[in-house]
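Here is how the chains run, residue by residue.
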Amino acid sequence: SQQGEEDPQALSIQEGENATMNCSYKTSINNLQWYRQNSGRGLVHLILIRSNEREKHSGRLRVTLDTSKKSSSLLITASRAADTASYFCATADSWGKLQFGAGTQVVVTP
Amino acid sequence: DGGITQSPKYLFRKEGQNVTLSCEQNLNHDAMYWYRQDPGQGLRLIYYSQIVNDFQKGDIAEGYSVSREKKESFPLTVTSAQKNPTAFYLCASHPGTVNSPLHFGNGTRLTVT
């Protein structure tokens, strides 16, 4: 069963625009992680946010976590064509076991 | 250059044949994982191993088998008992410390006809 559910399933934007995707989950977590996957490749880790953190930044990426609503968001600012990929959230329980969502497919057009 | 190597990138087999997917890591990570990814879906955990000579079933272990004889290697065998084996298979490793991310290989796409 999938713990994280991303929304939207697909997102199409133009270069320079911001892209926001959301992740909701059902049970308590130790941390939440965001990964990126280019077509036909493995996943690459982007950001890990712990359950006691509310916001984290990395370059053009901003992640928020609201444990009261059991939700997280990933914002990509000033998007580029190279940001075209699928983005997955994954929640880790206290044992470290990860559950992945189905992903958001982002297409950035020049 | 540390990382995870999965081979081959593409694999074709006839129905009824067992096939083994290779996964090797030189990151000195204790834990290794196998995931299955179907089109438009997330990753589902097949098997994982937290230490050499020990492994546990994940959520969809039926029809698969693994071994962990060496820290660096975690091969996955897709047996003929797996009813729908065509998928993208991803191997990952983890250093074993809390709040650390997974490191993934580039996957093996298996097609069974």
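For the structure itself, look to the data block above.
Rules behind the numbers
Residues numbered from 1 in each chain as written. Chains lettered and ligands numbered in written order. Predicted model: local features only at pLDDT ≥ 70, side-chain atom pairs only at ≥ 80, totals over all residues. Heavy atoms only, no water. Buried < 20%, exposed > 50% of the residue type's maximum accessible area, 1.4 Å probe, protein only. Helix = DSSP H or I, 4+ residues; strand = E, 2+ residues; numbered from the N terminus. Pairing = 2+ DSSP bridges. Disulfide = S-S within 2.5 Å. Axes fitted to C-alpha atoms, helices over the stretch in contact; angles between N-to-C directions. Contact = heavy atoms within 4.5 Å. Buried area = accessible area lost by both parts, 1.4 Å probe. Salt bridge = Lys/Arg side-chain N within 4 Å of Asp/Glu carboxyl O. Polar contact = N/O pair within 3.5 Å; in protein donor to acceptor, adjacent residues only side chain to side chain. Nonpolar A, V, L, I, M, F, W, Y, C, P; charged D, E, K, R; others polar.

**Here's the deal with the pairing of strand 1 (residues 4-7) of chain B**
Residue and element names in this part refer to chain B.
Moving on, step 1. Here strand 1 shows a clear split, with I4 and Q6 buried on one side and none of T5 and S7 buried on the other.
Moving on, step 2. The pairing of strand 1 with strand 3 (residues 19-25) spans four bridges and is classified as antiparallel. Bridge pairing links Q6 to C23 in strand 3.

**Here's the deal with the state of the cysteines**
Moving on, step 1. Applying the stated rule across the entire model yields two disulfides over all chains.
Moving on, step 2. Shown here is the disulfide that connects C23(A) with C89(A), its sulfur atoms set 2.0 Å apart. Its torsion about the S-S bond being 65°, the disulfide of C23(A) and C89(A) is classed as right-handed. One end of the pair, C23(A), is in strand 3 (residues 19-24); the other, C89(A), is in strand 9 (residues 85-92), and 66 residues separate them in sequence.
Moving on, step 3. The partner cysteine of C23(B) in its disulfide is C91(B), sulfur to sulfur 1.9 Å. Every disulfide takes its handedness from the sign of the S-S torsion; for C23(B) and C91(B) that torsion is -75°, giving left-handed. On the criterion of sequence distance, the pair formed by C23(B) in strand 3 and C91(B) in strand 9 (residues 87-94) is long-range, its members being 68 residues apart. Here C23(B) matches C91(B) in class, with each residue buried.

**Observations regarding the sheet that holds strand 3 of chain B**
Where strands meet in a sheet, backbone hydrogen bonds hold them as pairs that are either parallel or antiparallel.
All names here are of chain B.
Moving on, step 1. Pairing in this open sheet of four strands is antiparallel, and the strands run 1-3-8-7 from one edge to the other. Edge strands, defined here as strands with exactly one partner in the open sheet, are strand 1 and strand 7 (64-66). Pairwise comparison of adjacent strand axes, ignoring direction, gives a mean angle of 20° for this sheet.
Moving on, step 2. As judged from the three bridges shared by strand 7 and strand 8 (residues 76-78), these two strands associate in the antiparallel manner. Bridging across to strand 8, S65 finds its partner in T77.

**Notes on the interface of chain B and chain A**
Moving on, step 1. With 20 residues of chain B at the contact, the number on the chain A side is 20 residues.
Moving on, step 2. Across the chain B to chain A interface the summed buried area is about 1,600 Å²; carbon plus sulfur atoms make up 50%.
Moving on, step 3. Applying the counting rule to chain B against chain A returns one salt bridge.
Moving on, step 4. Here K97(A) ties to D59(B) by a salt bridge, and the two come within 3.4 Å at their closest N and O atoms.
Moving on, step 5. Summed over the shared surface of chain B and chain A, the number is seven residue pairs in polar contact (both at pLDDT 80 or more).
Moving on, step 6. Listing elements by their share of the side of chain B that touches chain A, those giving two or more residues are strand 4 (31-37), strand 5 (43-51) and strand 9 of chain B.
Moving on, step 7. The class makeup of the residues in the side of chain B that touches chain A is nine nonpolar, eight polar and three charged.

**Observations concerning the pairing of strand 9 of chain A**
Residues and elements named next belong to chain A.
Moving on, step 1. Taking burial as the measure, the eight residues of strand 9 include eight buried ones, the bulk of the element.
Moving on, step 2. Side chains A85, Y87, C89 and T91 project from strand 9 onto one buried face, and the interleaved S86, F88, A90 and A92 project onto a second face that is buried too.
Moving on, step 3. Here seven bridges tie strand 4 (residues 31-37) to strand 9, and the two strands are oriented antiparallel to one another. Looking at strand 9, one finds that Y35 is bridged to F88.

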